[in-house]
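Topology and contacts: notes
Listed below, chain by chain, are the residues.
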Amino acid sequence: MTAFLLKRLRRLHIAPGAEVLDFCCGSGTIAQALLQLQPRAALHLAEADALAVEAARCNVSELAERCYLGDGWGPVPAGLSLDHIILSPPVQPSVSALTASS
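Anyway, here's the lowdown on the structure attached to this text. Keep in mind it's a predicted model, so treat the numbers as computed, not measured.

**A closer look at the pairing of strand β1 (residues 19-23)**
Across the 5 residues that make up β1, a large majority, 4, are buried. With 5 bridges joining them, β1 and strand β2 (residues 42-47) adopt parallel strand pairing. Its bridge partner lying in β2, F23 is registered against A46. Both β1 and strand β4 (residues 84-87) contribute to a ladder of 4 bridges, which runs parallel. Within β4, the residue paired with L21 across the bridge is I85.

Set out below in structure tokens:
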């Protein structure tokens with residue numbers, strides 16, 4: 001899923017100063033790519049997994065204060081006006097897929 005999204009990010013036009021949320025940010029891989037594409041974007045990261053948020057804060061240290069821990073929209077600051085929301089949700093294999101490969 002991440003590789004698929006990374007290939008397609010190049011098609012997205014992000015203006016300087018655009019407010020962008022990397023929702024389900026994981027370790028910050030997508031945020032790093034977004035910063036390479038538009039270093040003047042105002043990126044925010046949100047993630048429900050505490051270990052992933054700590055990794056994102058290390059991997060994209062310049063955004064550490066805008067890495068929000070929590071589930072859903074709860075951790076995202078109220079009133080934040082976003083130009084883009086980038087989402088790479090965690091993909092869990094189904095039970096049938098797991099048993100089919102055995």
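More follows now that the structure is in view.
**Some thoughts on helix α2 (residues 29-37)**
Residues of α2 that are buried: I30, A31, A33, L34 and L35. Those residues of α2 that are buried lie in contact with α1 (2-9), β1, β2 and β4.

**Some thoughts on the packing of α1 against α2**
Two numbers describe how α1 lies on α2: the axes approach to 10 Å, and their chain directions differ by 10°. In terms of their interaxial angle, α1 and α2 are classed as roughly parallel. Between α1, through T2, L5, L6 and L9, and α2, the contact on the second element is made entirely by T29, I30, A33, L34 and L37. For the contact of α1 with α2, the class distribution of residues is 7 nonpolar, 2 polar and no charged.

**Considering the sheet that holds strand β3 (residues 67-69)**
Here we have 4 strands laid out as an open sheet, ordered β3-β2-β1-β4, and parallel in their pairing. One side of each edge strand has no neighbouring strand; the edge strands of this open sheet are β3 and β4. Direction aside, the axes of adjacent strands within the sheet are offset by 20° on average. Against the sheet, helix α3 (residues 50-59) contacts β2 and β3, and its axis sits at roughly 170° relative to β3.

Cut-offs used in this document
Residues numbered from 1 in each chain as written. Predicted model: local features only at pLDDT ≥ 70, side-chain atom pairs only at ≥ 80, totals over all residues. Heavy atoms only, no water. Buried < 20%, exposed > 50% of the residue type's maximum accessible area, 1.4 Å probe, protein only. Helix = DSSP H or I, 4+ residues; strand = E, 2+ residues; numbered from the N terminus. Pairing = 2+ DSSP bridges. Contact = heavy atoms within 4.5 Å. Axes fitted to C-alpha atoms, helices over the stretch in contact; angles between N-to-C directions. Parallel < 35°, antiparallel > 145°, perpendicular 65-115°, else oblique. Nonpolar A, V, L, I, M, F, W, Y, C, P; charged D, E, K, R; others polar.

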